[in-house]
Amino acid sequence: MRFLLDTEQRAFAGSLHAMLRAAHTPAVVRDWSRGDHASGRALWSRIAAAGVFGLAIPEEYGGAGPRPVELAVAFVELGRHAVPGPLAETVAAAVLLGAPPAAGRFLPGLAAGTDIATVAAPAEGALDTDAASVHLLVAPEGLRLSAPAPGPVRRSLDPARRLTPLVPDGELLTRDPPYDRAVTWARLATAAQALGVGLALLDRTVTHVGQRTQFGVPVGSFQAVKHRLADAKTALEFARPLLFGAALSMRPADVAAAKLTVCEAAYATARTALQLHGAIGYTAEFDLSLWLTRARALRTAWGTPEQCRVLVLPRAPG
């Protein structure tokens with residue numbers, strides 16, 4: 001089955017691509033990694049003004065959603081440009097806070113970009129708590145408005161993704177949050193980001209091997225290099241319809257299959273990109289590293305490959 005974006009969706013993706021390319025996101029990511037959020041917040045506001053977060057928020061609260069297909073379109077571009085911040089977490093928060101009275105209190109700010117949300121379970125860290133203004137803890141008794149626990153921030157492989165536990169108390173917002181639905185939306189957003197990351201890595205690698213020479217010819221002319229790039233391209237293109245098919249159905253198993261397939265394709269593309277760039281690919285100063293580390297982090301965010309496989313192919317009892 002072919003999933004083709006319509007004219008409006010392609011125009012939306014194109015406008016986001018142009019805006020993010022002009023924002024020089026590698027510099028924004030490096031600022032964010034140092035804890036300087038000024039440029040990232042400014043970019044977040046522009047993304048919100050483009051309507052991205054509103055795609056997960058109903059119209060009565062300032063959004064335009066729920067529109068999962070358009071959300072996936074947008075998040076591909078966010079991943080393509082390595083935009084930092086708790087992007088999928090803000091989407092998850094919009095779903096968790098979707099019922100009154102919390103909806104009227106929080107959703108307009110999330111849609112407008114004046115608020116940034118992060119979400120954590122009790123045993124997990126919350127992403128970018130120092131940048132977020134809304135900290136949600138999914139506790140056994142329900143959804144709580146929490147705060148970061150004191151102590152150092154835990155850094156991950158991706159320097160722009162920093163984790164902090166939330167304190168296990170705070171205002172109880174609802175006793176029955178739609179956690180499973182929020183996870184499905186967050187997985188869709190994560191998978192879409194991963195597709196964008198993989199496409200960016202592939203584009204950068206194709207450009208690099210076309211410019212780098214060995215034995216007097218471009219490295220990209222070698223048959224082995226062509227095969228590696230063709231494999232990466234094929235994996236990403238086969239993953240794309242799974243992503244948009246899952247966005248159409250929003251069935252948890254479909255979204256889990258899409259996340260598994262897209263993230264594995266992006267991770268494989270990252271390994272190919274690292275190998276074909278050679279030693280320069282290992283340096284943190286080279287912009288490629290921003291996408292390499294993001295591919296690795298997204299692979300386990302909102303569901304490891306093993307957790308997604310269980311949803312797609314449940315184990316037989318006994």
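Just so we're clear, the structure is a prediction, and the values are computed from it rather than from any experiment.

1. Considering the packing of helix 4 (residues 68–80) against helix 5 (residues 87–96)
Thinking step 1. Two numbers describe how helix 4 lies on helix 5: the axes approach to 11 Å, and their chain directions differ by 155 degrees. By the angle between their axes, helix 4 is roughly antiparallel relative to helix 5. Of helix 5, the residues touching helix 4 (which contributes Leu71, Phe75 and Leu78) are Leu87, Ala88 and Val91.

2. Thoughts on unusual backbone geometry
Only a minority of non-glycine residues have a phi that is not negative, and only a minority of peptide bonds are not trans.
Thinking step 1. Residues glycine 65 and proline 66 are joined by a peptide bond in cis, for which omega reads 5 degrees.
Thinking step 2. Along the chain, proline 100 connects to proline 101 via a cis peptide bond; the corresponding omega equals 0 degrees.
Thinking step 3. Tracing the chain through its elements places proline 101 in the loop between helix 5 and helix 6 (102–112).
Thinking step 4. For phenylalanine 215, which is not a glycine, the phi torsion comes out positive at approximately 60 degrees.
Thinking step 5. Following the sequence through the fold, phenylalanine 215 ends up in the loop between strand 8 (213–214) and strand 9 (217–218).
Thinking step 6. Within the chain, methionine 250 stands out as a residue other than glycine whose phi angle is a positive 55 degrees.

3. Focus: the pairing of strand 1 (residues 117–120)
Thinking step 1. Residue alternation in strand 1 divides its side chains into two sets, Ala117 and Val119 and Thr118 and Ala120, and both sets are buried.
Thinking step 2. Bridging between strand 1 and strand 3 (residues 134–139) involves 4 bridges; their strand directions are parallel. Counted as the bridge partner of threonine 118 is histidine 135 from strand 3.

4. Points about the pattern of salt bridges
Thinking step 1. In this structure the tally under the stated criterion is 12 salt bridges.
Thinking step 2. Residue arginine 294 pairs with aspartate 158 through a salt bridge whose shortest N-O separation is 2.5 Å. One end of the pair, arginine 294, is in helix 10 (residues 288–300); the other, aspartate 158, is in the loop between strand 5 (154–155) and strand 6 (162–164), and 136 residues separate them in sequence.
Thinking step 3. Residue arginine 294 is classed as buried on the basis of its relative accessible area of 4%.

5. Quick look at the packing of helix 1 (residues 7–22) against helix 4
Thinking step 1. In contact at an axis separation of 9 Å, helix 1 and helix 4 are set at 25 degrees when each is read in the N-to-C sense. The pairing of helix 1 with helix 4 is recorded here as roughly parallel in orientation. Considering only the axes of helix 1 and helix 4, their crossing is right-handed. Contact with helix 1, carried on its side by Gln9, Phe12, Ala13, Leu16, His17 and Leu20, involves Val69, Glu70, Val73, Ala74, Glu77, Leu78 and Arg80 of helix 4 and no other residues of that element.
Thinking step 2. A per-class count over the contact of helix 1 with helix 4 returns 8 nonpolar, 2 polar and 3 charged.

6. Considering the environment of proline 26
Thinking step 1. Relative to the assigned elements, proline 26 resides in helix 2 (residues 25–33).
Thinking step 2. The sequence separation of proline 26 and leucine 288 amounts to 262 residues, and the corresponding C-alpha distance is 9.3 Å.
Thinking step 3. Ignoring sequence-local partners within four residues, the contact set of proline 26 consists of Asp287, Leu290 and Trp291.

Cut-offs and rules
Residues numbered from 1 in each chain as written. Predicted model: local features only at pLDDT ≥ 70, side-chain atom pairs only at ≥ 80, totals over all residues. Heavy atoms only, no water. Axes fitted to C-alpha atoms, helices over the stretch in contact; angles between N-to-C directions. Helix = DSSP H or I, 4+ residues; strand = E, 2+ residues; numbered from the N terminus. Parallel < 35°, antiparallel > 145°, perpendicular 65-115°, else oblique. Contact = heavy atoms within 4.5 Å. Buried < 20%, exposed > 50% of the residue type's maximum accessible area, 1.4 Å probe, protein only. Pairing = 2+ DSSP bridges. Salt bridge = Lys/Arg side-chain N within 4 Å of Asp/Glu carboxyl O. Left-handed = near helix turned anticlockwise from the far one by under 90°. Nonpolar A, V, L, I, M, F, W, Y, C, P; charged D, E, K, R; others polar.

The values are spatial; any link to function lies outside them.
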